[in-house]
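# Remarks on the overall topology
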Amino acid sequence: MTTLCATVFLAGCSLIVGPRDLVLAPADGGDDARGADGFDARVDAGVEAVEAGVDAPPEPEAAADAGAGSLDAAPGQDAAADADADADGGPIACTSSCPEGAACTSNGECASQQCGPDHTCQPPPCATGPALCPVGTPCGASTDCASASCVAGKCAAPSCAPSCSDGATCDDNGECASQQCGPDHTCQPPGCANGPMKCNAGQPCGAPGDCGSDVCTAGKCAAPACAPSCPSGSPCGENPDCASKQCKNGTCM
């Protein structure tokens, strides 16, 4: 005998399933062999048992809601998505070493270590001064650096260093072949190039014009190709360069 309780309406009668037995009662409410009172009591008991032990099927609307709920994001998914947005609601383009102009929420996200009030990476403070940023300081663009070279978020020496020619961008004297980095961050001619004799052989140079001989090789003034027999009127760096042994103001006599 089943322990479930249910009421099934058949043609002409009702089937009452109770926790102990089955009772078939006339559908017109007629009494069975046990009497109307007993029948009513059993019907009440069966209904209560059904209500207690069998869940009603969900309403169509409730089932639809449950199905929709299963499509919702897992717990924490929304929070993770929110973490990918900056304070203004825009997406963060990167999380470290961000270039200038990129979206940011903190200084550490920017290569320059400067996240501005508008939540974009800004140039470092040294980039706003006349000297610009020296080698080794944080940068977000090459224009932040005196050397005009920003590598992996740090100002770096220019690629031509230590033999940058006159006019090349520089950060310090050691980057220039002439050993002279001017206040405008360009390599300048050496001091000797400004004299009437210009620079002698062996002295630093950043261009041929720095040398009396008009020859600059590997950052050093060198003797002209015609030395030691350069004719009169030839460029010279010193007397031995000339056949006459007379070099005056960079010209053989």
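See above for the structure.
Everything in this summary refers to the structure shown in the same document.

Quick notes on the rules
- Residues numbered from 1 in each chain as written.
- Predicted model: local features only at pLDDT ≥ 70, side-chain atom pairs only at ≥ 80, totals over all residues.
- Heavy atoms only, no water.
- Disulfide = S-S within 2.5 Å.
- Helix = DSSP H or I, 4+ residues; strand = E, 2+ residues; numbered from the N terminus.
- Polar contact = N/O pair within 3.5 Å; in protein donor to acceptor, adjacent residues only side chain to side chain.
- Contact = heavy atoms within 4.5 Å.
- Buried < 20%, exposed > 50% of the residue type's maximum accessible area, 1.4 Å probe, protein only.
- Core = buried A, V, L, I, M, F, W, Y, C linked by side-chain atoms within 4.5 Å.

### A short note on the state of the cysteines
Applying the stated criterion to the full structure yields 14 disulfides. Paired by a disulfide, C192 and C199 hold their sulfur atoms 1.8 Å apart. As the torsion about the S-S bond is roughly 95 degrees, the C192-C199 disulfide counts as right-handed.

### Considerations on the side chain of T120
Positionally, T120 belongs in the loop between α3 (77-83) and β4 (150-151). A polar contact of 2.8 Å, which involves the side chain of T120, links it to the side chain of D118. Discounting chain neighbours no more than four positions away, the residues touching T120 are G101, A102, A103, C104, Q114 and C115.

### Thoughts on the environment of C205
Looking at the secondary structure, you find C205 in the loop between β5 (154-155) and β6 (216-217). Judged by relative accessible area, which is 0%, C205 ranks as buried. Sequence spacing of C205 and Q188 is 17 residues, and the spatial spacing of their C-alpha atoms is 9.3 Å. When near neighbours in sequence (up to four residues on either side) are disregarded, C205 contacts A177, S178, P190, D210, C211, C216, T217, G219, K220 and C221.

### Considering the nonpolar core
Membership of the largest hydrophobic core is limited to 7 residues, which are C94, C98, A102, C104, C110, C115 and C121. The residues contacting A102, other than those within four sequence positions of it, are C94, H119, T120 and C121. Judged by nonpolar contacts, the second largest core, of 6 residues, contains C164, A168, C176 and C181.

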